[in-house]
Amino acid sequence: SLAFLGLVNALLESVGQAGLPAGGTAVGHYTALVLQYMVGNLWQRGYRDPAQKWQLAAACFRHCQLALGMLCTCPPITPELLSRPPPGLAVLLSLMGGRQLEKALLQHVLAPGQEELAASMEVGPEGPPRQQAVLQGLKLLNMALEYDTAAADQLSTLSVRERVAPLQGLLAASPRRLAGLLQYVLYAETDIQLEAVKLLAQLASRLPNLVQLLQPNFDDSDALLLRQGCAQSLELALLDPSSGQSVSSGMAAAAARAGEHEAAGAEPAASPSDVRAELLLDVMLGSLEAMAPPSLGHLLLGFDTTAVPGDWCR
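About the thresholds
Residues numbered from 1 in each chain as written. Predicted model: local features only at pLDDT ≥ 70, side-chain atom pairs only at ≥ 80, totals over all residues. Heavy atoms only, no water. Phe/Tyr/Trp six-rings, centres within 6.5 Å; stacked < 30°, edge-to-face > 60°. Helix = DSSP H or I, 4+ residues; strand = E, 2+ residues; numbered from the N terminus. Buried < 20%, exposed > 50% of the residue type's maximum accessible area, 1.4 Å probe, protein only. Core = buried A, V, L, I, M, F, W, Y, C linked by side-chain atoms within 4.5 Å. Contact = heavy atoms within 4.5 Å. Salt bridge = Lys/Arg side-chain N within 4 Å of Asp/Glu carboxyl O.

Summed over the entire model, instances satisfying the criterion amount to 2 aromatic pairs. Between phenylalanine 4 and tyrosine 30 the ring centres are 6.2 Å apart and the planes differ by 50°, which places this aromatic pair in the tilted class. Of the two residues, phenylalanine 4 sits in helix H1 (residues 2-15) while tyrosine 30 sits in helix H2 (residues 28-39), which places them 26 residues apart along the sequence. According to the relative accessible area criterion, phenylalanine 4 is partly exposed, its value standing at 38%. On the basis of relative accessibility, which here comes to 31%, the residue tyrosine 30 falls in the partly exposed class.

As structure tokens, then:
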């Protein structure tokens, strides 16, 4: 299964997302196979090597990302299209409708959280493939959040049995699971941390009651862990690891380098880690400006969001 799926994914990557017309309907049977028999049986089948389970999960999630990319050529959703959904739509229906993909992604791969993932990296060869599965799972979730609202809107206008809602409703239904997903920002690996920050940014704009869902307090709370993770991510994004600079000196050095590039007429260089800082600052500023208190910006800045707004303290 793993070798076959690896070959399918490689062929789809070589074609490109826009290289298949009609949303990739011609290859929809491959995605149906992945969703029904591979994703659906990930935790039912036996494995000689436990690492193979995580390798297969990562390959399945990568396939689902490729399927979602085909939505750029997908025609409008109709009852006829639903009878034989193209790959991207099949992935959205399985995830938004609580089917095989939702169970594998949210209840099995991502649910254990960053602490259990970190522990698995210390005990044996199962850790790295599990880490890759989590990374691909977070990427898939972020990508699905780019398409779910439009798909739900189109489906709501049809007289069909498919009744799905945007993903923030599914995630908000379980505050504990929601907190566990966001706490991947604490994980000490840049790519996973970046995907967790992207997820936080998307959910912060969709869930005005995110702070209430996290039930913040100043004890051992999910909110404090989220604040700690975001602070660490922001520091790492602004820190120059080669020189051991502090955040403030790192920001000053970055500004100086940007000024040198501007004086020379060149565009300033950007590194992948810089995106974390940009996203977190956008989240804080955007929530402070657009949302009624207590907002996520207040939480991340250290306000006691359990107090009356007029009595907030740092």
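Back to the text.
Nonpolar side chains in soluble globular proteins tend to be buried together. One finds Leu101, Leu110, Leu182, Leu210 and Leu226 to be the most contacted residues of the largest nonpolar core, which totals 80 residues. With 10 residues, helix H3 (residues 51-69) is the single largest residue contributor to this core. In this structure, leucine 226 is in contact with Leu182, Val185, Leu200, Leu214, Leu296 and Leu300, ignoring residues within four places of it in sequence. Listed in part, the 6 residues of the second largest apolar core include Val8, Leu12, Leu20 and Leu66.

Here the focus is the pattern of salt bridges. Throughout the structure, instances matching the rule amount to 5 salt bridges. One salt bridge in this structure joins arginine 130 and glutamate 116, with 2.8 Å as the shortest N-O distance. Pair noted here: arginine 130 is in helix H8 (residues 127-144) and glutamate 116 is in helix H7 (residues 114-123), with a separation of 14 residues, a long-range link. Owing to a relative accessible area of 9%, arginine 130 belongs among the buried residues under this scheme.

The next subject is the environment of phenylalanine 61. Assignment of secondary structure puts phenylalanine 61 in helix H3. Relative accessible area serves as the criterion here: at 0%, phenylalanine 61 is assigned to the buried category. Sequence spacing of phenylalanine 61 and leucine 138 is 77 residues, and the spatial spacing of their C-alpha atoms is 9.2 Å. When near neighbours in sequence (up to four residues on either side) are disregarded, phenylalanine 61 contacts Leu101, Ala104, Leu105, Val109, Ala133, Gln136, Gly137 and Leu140.

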